[in-house]
Amino acid sequence: MIPMEDHDQFEIPGTLPVVPVRDLVIFPYTIVPLFISREISVSAMEQALASHRMVLLSAQREVDKDNPELEDLYRVGTVGMVMRMRRLPDGRLKVLIQGLVRGRVESLEEVRPHLKARVTPIYNLPLEEISMETEALMRSLREKLQQFSDITQVPGPDVIVVLQGMKDPGRLADLIASNLALEVSTSQEVLHTPDPVKRLRLVAELLSRELEVVQTKAQIEIKTKQKMGKTQREYFLREQIKQIRSELGEDAADDELLELGARIDGSDMPEQVLKEAQKQLKRLSNMHPESAESGTIRSYLDWLLDLTWQKATPDRLDLEKASQVLEEDHFGLAEAKDRVLEFLSVRKLNPDNPGAILLFVGPPGVGKTSLARSIARAIDRKFVRVSLGGVRDGAEIYGHRRTYIGSMPGRIIQGMKQAGCVNPVFLLDEIDKLGRDFRGDPAAALLEVLDPEQNNSFVDHYLNLPFDLSRVMFIATANRIDTIPGPLLDRTEGIHLPGYSLEEKITIATKHLVPEQMTKAGISNRKVEIGSEVLSLMIERHTRESGLRQLERAIAQVCRKLARRVAQGQPTPKVFDPGKLRSYLGPIVHQPLEQLSENTIGVANGLAWTPVGGETIQVEVVAMSGRGQLILTGQLGEVMKESAQAALSFARSQAEKMGIAPDFFASNDIHIHIPAGSIPKDGPSAGVTLTVALVSLLTGIPVRHQVAMTGEISLSGRVLPVGGVREKLLAACRAGFEEVIIPAQNHDDLEDIPSEILSKLEVTEITSIGQALERALAKRPVRDSKKKIGTQVSAPRSDRKSNSSMCRKQGPA
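Residues numbered from 1 in each chain as written. Predicted model: local features only at pLDDT ≥ 70, side-chain atom pairs only at ≥ 80, totals over all residues. Heavy atoms only, no water.

Topic: the environment of Glu-69
By the element assignment, Glu-69 lies in the loop between strand 4 (54-59) and strand 5 (76-87). Residues Glu-69 and Val-111, spaced 42 residues apart in sequence, show a C-alpha to C-alpha distance of 7.9 Å. (Helix = DSSP H or I, 4+ residues; strand = E, 2+ residues; numbered from the N terminus.)

Here is the structure:
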């Protein structure tokens, strides 16, 4: 509003046209532009222009009334003079009004065509002089108004200049009030106050309050601008979108909260989990639905609701049915099947017993994973498999804390969500291939999971709530146990699943693999017989392994080629010809170990264990002129090198008894080689083989080529037990050996050997290296201390030819 120049008192008529004004109070001494469109107001303006140009401007109590009456108006208004009026093209009037003096409506004279009232002017009460208090208040008002103008740019600089020279306290109060964004009722209170000093105090209070508001707002805006970035800007935009959606009736956030609340109330959560879920739901309801944290809380609640906290599936404790299922799915594996039936028996008699954690250890392809799946089917439980191979981060087990972006529970909780119950069969596959690095040790994280005393309150970092794992039947699988940490291994009960013999593989292939692959290839109705001879060739020449995985692939390849012949309309044989196996599977992949056709000096046959089953090896020893060095080749490990050193030390200690010249070892180098040099080899079980080959070279007595051996030796000549006897004997049987020498302390291991294997092998149990030499060499070594190197030794056995050794030479009798 613009202040008018000083003027004398105008002569005010007794009756004036009344113009109702909405949302605005016009004060004296101000000039205000108005847009008038209502008929009663237009008529009042036209009447004023036709006479004295004066009207009474009175504010409406309620802005929504188009035709107000006297009771709808404030009785005190402002008498204004129409300074200028222009009619707009849309019919409205643009009027410039100058406020003159306050006026009170005494009575209403006319209603139509416009309001006309009897008006009494209200002049300011006279002041004899301006007191110091009033002067101080006026100066304070000017200063505060200047501060207000600096922040809001209202009023403008021209008005500020006029106010600085204004001496009348009443006019100063009216002009300041007209430039404040006050409510109509508050402005009307100022207009109703005729005393200039009281009015000045009232305006001072109002200005102080408005100044405090705008200063606080300015500070907030400054802080907001400083902190406001992309997130805040998106928030304001989303808030606008929210308001738009609310206007359109698309407020889905409340529906989602109601749905979450209903799901929480109907869930099976324990009390502690239920309280946390309700707490998070309350936090979510107070957040903006598009904020980042609301998405995190929503995901957390979804996990809590998707998990099954108390629901368990009933166990089928029918031992006969369980045994039938296990026999249908797997051939052999008696120890594992017995252990499962024992678990069911205990469960039947004592349902509260959590049982042990089973660990299936065996080569690849022997059926560890499928056996776990069969166990779940036998007891009618849900089955969950989690592969742990290559897992290096402990958070993969424990989960990530919710403070991280993209956090989620660990694999244990994910598996429990997948199961949908609290008592599944949970398979931890490839537990021996866990890694560790700077992010943590997942094996250590599994300690709590696999401990029956602790896993009833397993806490995942993401959930941060206890979860009961005590009713879960955990089964772990591994190819070897030496890579599993001791504390973790101690929490499991190991069950060894050995490799299959040739006869077992043929039986399994005939009953399971061949029919299954024929069905997959679509030729099950062709009745093509793949006989045991064909399967035997597949096993020995194309798929040498302890398990059945490669054999299954080979059978599948044969079936696919037969299916192709059927699809092309070519005839298929009723019985598969073994001679055509090469055309179906290609060249032989595993050539049989070239067996020695005769007894050989310095070459012995050994047996070795590998993660994929047993293997046969050959140890070759030669001597040459040198400086007494021991040369080892064939990519031998540290333990096998030490076994070679022990074998040499034993031979040197027995040189006198074997008739070896004392200076032989100082003047000759001994080279020990194990073929297949690209394959790493290690372990102590080659000690007997190394010793026999070395003694054969030194004594010139050949080694029997039908004999294979295994065992660890000591410097005193004792033979110590070794592992993997079953796999080693299976390998010896596959290679066609007639006799196997093993440590006597491994006698109990023969109980696990199939009878058909023992019927093909002569197993000799020994306690000392001397007994091994007696069985392995074509004749016993020389033990007469009087016969030195160069002395003619006794003739070999009558059925074998004698061979001379390069380390023997003629000497005195």
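Things to note about the side chain of Thr-78
By the secondary structure assignment, Thr-78 is in strand 5. Not counting residues within four places of it along the chain, the set of residues in contact with Thr-78 comprises Ile-26, Phe-27, Pro-28, Val-55, Leu-56, Leu-57, Gly-99, Leu-100, Val-101, Arg-102 and Leu-191. (Contact = heavy atoms within 4.5 Å.)

Notes on the sheet that holds strand 10 (residues 425-429)
Strand order in the open sheet formed by 5 strands is 9-10-13-8-14, and the pairing between neighbours is parallel. The sheet is open, and its two edges are formed by strand 9 (383-387) and strand 14 (493-496), each paired on a single side. Strand after strand, the sheet turns through a mean of 25 degrees between neighbouring axes, direction not considered. In terms of strand pairing, strand 9 meets strand 10 through 5 bridges, oriented parallel. (Pairing = 2+ DSSP bridges. Axes fitted to C-alpha atoms, helices over the stretch in contact; angles between N-to-C directions.)

A look at the packing of helix 2 (residues 132-152) against helix 4 (residues 169-178)
Each pair of packed helices can be described by the angle between their axes along with the distance between the axes. Relative orientation of the contacting elements helix 2 and helix 4 amounts to 25 degrees, with a least axis distance of 11 Å. When the interaxial angle is binned, helix 2 and helix 4 end up roughly parallel. Crossing handedness for the pair helix 2 and helix 4: left-handed. Contacts from Thr-134, Met-138, Leu-141, Arg-142 and Leu-145 of helix 2 reach helix 4 at Pro-169, Leu-172 and Ile-176. Classifying every residue of the contact of helix 2 with helix 4 gives 6 nonpolar, 1 polar and 1 charged. (Parallel < 35°, antiparallel > 145°, perpendicular 65-115°, else oblique. Left-handed = near helix turned anticlockwise from the far one by under 90°. Nonpolar A, V, L, I, M, F, W, Y, C, P; charged D, E, K, R; others polar.)

With respect to the packing of helix 11 (residues 319-329) against helix 12 (residues 334-349)
Contact geometry for helix 11 and helix 12: axes closest at 10 Å, N-to-C directions at 155 degrees. The angle between helix 11 and helix 12 falls in the class roughly antiparallel. Here the hand of the crossing between helix 11 and helix 12 comes out right-handed. Residue-level contacts link Leu-319, Ala-322, Ser-323, Leu-326 and Glu-327 of helix 11 to Lys-337, Val-340, Leu-341, Leu-344 and Ser-345 of helix 12. Partitioning the contact of helix 11 with helix 12 into residue classes produces 6 nonpolar, 2 polar and 2 charged.

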